[in-house]
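Remarks on the overall topology
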Amino acid sequence: AQSVTQLGSHVSVSEGALVLLRCNYSSSVPPYLFWYVQYPNQGLQLLLKYTTGATLVKGINGFEAEFKKSETSFHLTKPSAHMSDAAEYFCAVTPAGNNRKLIWGLGTSLAVNP
Amino acid sequence: GAGVSQSPSNKVTEKGKDVELRCDPISGHTALYWYRQSLGQGLEFLIYFQGNSAPDKSGLPSDRFSAERTGGSVSTLTIQRTQQEDSAVYLCASSLTPQGGEKLFFGSGTQLSVL
């Protein structure tokens, strides 16, 4: 069965530093890959997604992610962290044959230090 | 509405009682999803609606769980004879169409605590 692994349940960076949140998926290549973000006291919102085409995907708030089939990864990056980036980040994939049902990672809590 | 609305935001109940959780999706969104997030667990798919029908209810944990959607809009998730393991955050999401890979819009969830 498809699974998603997010390495590091908690990540802490300094303001202005690079943000790297890791996501790996198992088994066969999933059709679609997503990153969702949950800011404090808010609902989950889509950060970015990969469906087809260019493997480097740009999202909101300066985030981007690269789909690497050979590494079964979809890591999320941002060149320079801002205090407002502090949130919970979730990676999700759709299993082959069922595009409507997302399989989720456990999430990574990002803290940004001044 | 402006976003997906869920009520109540918090629900504390006694073991064995029934509970109803409500979801108001974004107006015009045809697809609606229920997910559950238990402590230390990732989001777990429960059920998906397209219009008023549920093509995929494979994630419902037991027959104590049921859901319906009326008028292509509001959905209610009902848990009968609640158990302590039902304690979790129940999330509702909607999307404009049921196309695979469609962006989901989430509500803020209902925190259910079963004592």
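See the structure shown above.
The present account deals with the structure reproduced in this document.

About the criteria used
- Residues numbered from 1 in each chain as written.
- Chains lettered and ligands numbered in written order.
- Predicted model: local features only at pLDDT ≥ 70, side-chain atom pairs only at ≥ 80, totals over all residues.
- Heavy atoms only, no water.
- Pairing = 2+ DSSP bridges.
- Helix = DSSP H or I, 4+ residues; strand = E, 2+ residues; numbered from the N terminus.
- Axes fitted to C-alpha atoms, helices over the stretch in contact; angles between N-to-C directions.
- Core = buried A, V, L, I, M, F, W, Y, C linked by side-chain atoms within 4.5 Å.
- Buried < 20%, exposed > 50% of the residue type's maximum accessible area, 1.4 Å probe, protein only.
- Contact = heavy atoms within 4.5 Å.
- Salt bridge = Lys/Arg side-chain N within 4 Å of Asp/Glu carboxyl O.
- Buried area = accessible area lost by both parts, 1.4 Å probe.
- Polar contact = N/O pair within 3.5 Å; in protein donor to acceptor, adjacent residues only side chain to side chain.
- Nonpolar A, V, L, I, M, F, W, Y, C, P; charged D, E, K, R; others polar.
- Disulfide = S-S within 2.5 Å.
- Phe/Tyr/Trp six-rings, centres within 6.5 Å; stacked < 30°, edge-to-face > 60°.

Turning to the sheet that holds strand 3 (residues 19-24) of chain B, a few remarks are in order. Residue and element names in this part refer to chain B. The sheet built from 4 strands is open, its strands ordered 1-3-8-7 with antiparallel pairing. In this open sheet, the two strands that pair with only one neighbour each are strand 1 (5-7) and strand 7 (65-69). Averaged over all pairs of adjacent strands, the angle between strand axes in this sheet comes to 15°, irrespective of strand direction. In this sheet, strand 3 lies alongside strand 1 in antiparallel orientation, the contact comprising 3 bridges. Each bridged residue has a counterpart across the sheet, and for S7 the counterpart in strand 3 is R22.

So, on to the nonpolar core. By size, the foremost hydrophobic cluster in this structure holds 27 residues, and its most contacted members are W35, L47, L48, F74, L76 and Y89 of chain A. Mapped onto this core, the elements with two or more residues apiece are strand 2 (10-14), strand 3 (19-21), strand 5 (33-38), strand 6 (45-50), strand 8 (64-68), strand 9 (73-78), strand 10 (87-93) and strand 12 (108-113) of chain A. No other element matches strand 10 of chain A, which puts 4 residues into this core. Setting aside its immediate chain neighbours within four residues, F74 of chain A contacts C23, L33, F34, W35, L48, Y50, A65, E66 and F67 of chain A. Counting residues in hydrophobic clusters, the runner-up holds 20 residues, among them A31, L43, F45 and A93 of chain B.

Checked against the element boundaries, S108 of chain B lands in the loop between strand 10 (105-106) and strand 11 (110-114). When the C-alpha positions of S108 of chain B and S5 of chain B are compared, they lie 7.3 Å apart, and in sequence the two are 103 residues distant. Once residues lying within four places of it in the same chain are set aside, the contact partners of S108 of chain B are Q42 and G43 of chain A together with Q6 and L91 of chain B.

Residue and element names in this part refer to chain B. The final tally for this structure, using the stated rule, is 6 salt bridges over all chains. Linking R64 and D86 is a salt bridge whose minimum nitrogen-to-oxygen distance equals 2.8 Å. Residue R64 is found in the loop between strand 6 (53-56) and strand 7, and its partner D86 is found in the loop between strand 8 (75-79) and strand 9 (88-95); the two are separated by 22 residues along the sequence.

What follows covers the interface of chain B and chain A. Facing 21 residues of chain B, the contacting portion of chain A comprises 17 residues. Of all residues in chain B, L43, G101 and F106 of chain B bury the most surface against chain A, accounting for 30% of the area lost on that side. Taken together, the links from chain B to chain A amount to 1 salt bridge. Of the charged contacts in the structure, one is a salt bridge between D56 of chain B and K101 of chain A, with a shortest N-O distance of 3.7 Å. Summed over the shared surface of chain B and chain A, the number is 3 residue pairs in polar contact (both at pLDDT 80 or more). Among the secondary structure elements, those contributing two or more residues to the side of chain B that touches chain A are strand 4 (31-37) and strand 5 (43-50) of chain B. Class assignment for the residues of the side of chain B that touches chain A results in 9 nonpolar, 9 polar and 3 charged.

Where two cysteines share a covalent bond between their sulfur atoms, that bond is called a disulfide. Scanning the entire structure with this criterion turns up 2 disulfides over all chains. Two residues, C23 of chain A and C91 of chain A, share a disulfide whose sulfurs are 1.9 Å apart. Negative torsions about the S-S bond denote left-handed disulfides, and the value of about -65° found for C23 of chain A with C91 of chain A makes this one left-handed. Here C23 of chain A, found in the loop between strand 3 and strand 4 (24-25), pairs with C91 of chain A, found in strand 10; they are 68 residues apart in sequence, far enough to count as distant. Residue C23 of chain B pairs covalently with C92 of chain B via a disulfide, S to S 1.8 Å. Across the S-S bond of C23 of chain B and C92 of chain B the torsion is about -65°, and the bridge reads as left-handed. Placement of the pair is C23 of chain B in strand 3 and C92 of chain B in strand 9, with a sequence separation of 69 residues.

Inspection of every chain in the model, using the stated rule, returns 12 aromatic pairs over all chains. A ring pair is formed by Y36 of chain A and F106 of chain B, whose centres lie 5.6 Å apart and whose planes are at 85°; its orientation type is edge-to-face. Note that Y36 of chain A is positioned in strand 5 and F106 of chain B in strand 10, a pairing that runs across two chains. Residue classification places Y36 of chain A among the buried residues on the basis of a relative accessible area of 0%. The class of F106 of chain B is buried, set by a relative accessible area of 9%. For the pair W104 of chain A and Y35 of chain B, a centre-to-centre distance of 6.0 Å together with 80° between the ring planes defines the contact as edge-to-face. One end of the pair, W104 of chain A, is in strand 11 (residues 103-104); the other, Y35 of chain B, is in strand 4, on a second chain. With a relative accessible area of 6%, W104 of chain A lands in the buried category. What links up through ring pairs into an aromatic cluster is the set F34, Y36, F90 and W104 of chain A together with Y35, F45 and F106 of chain B.

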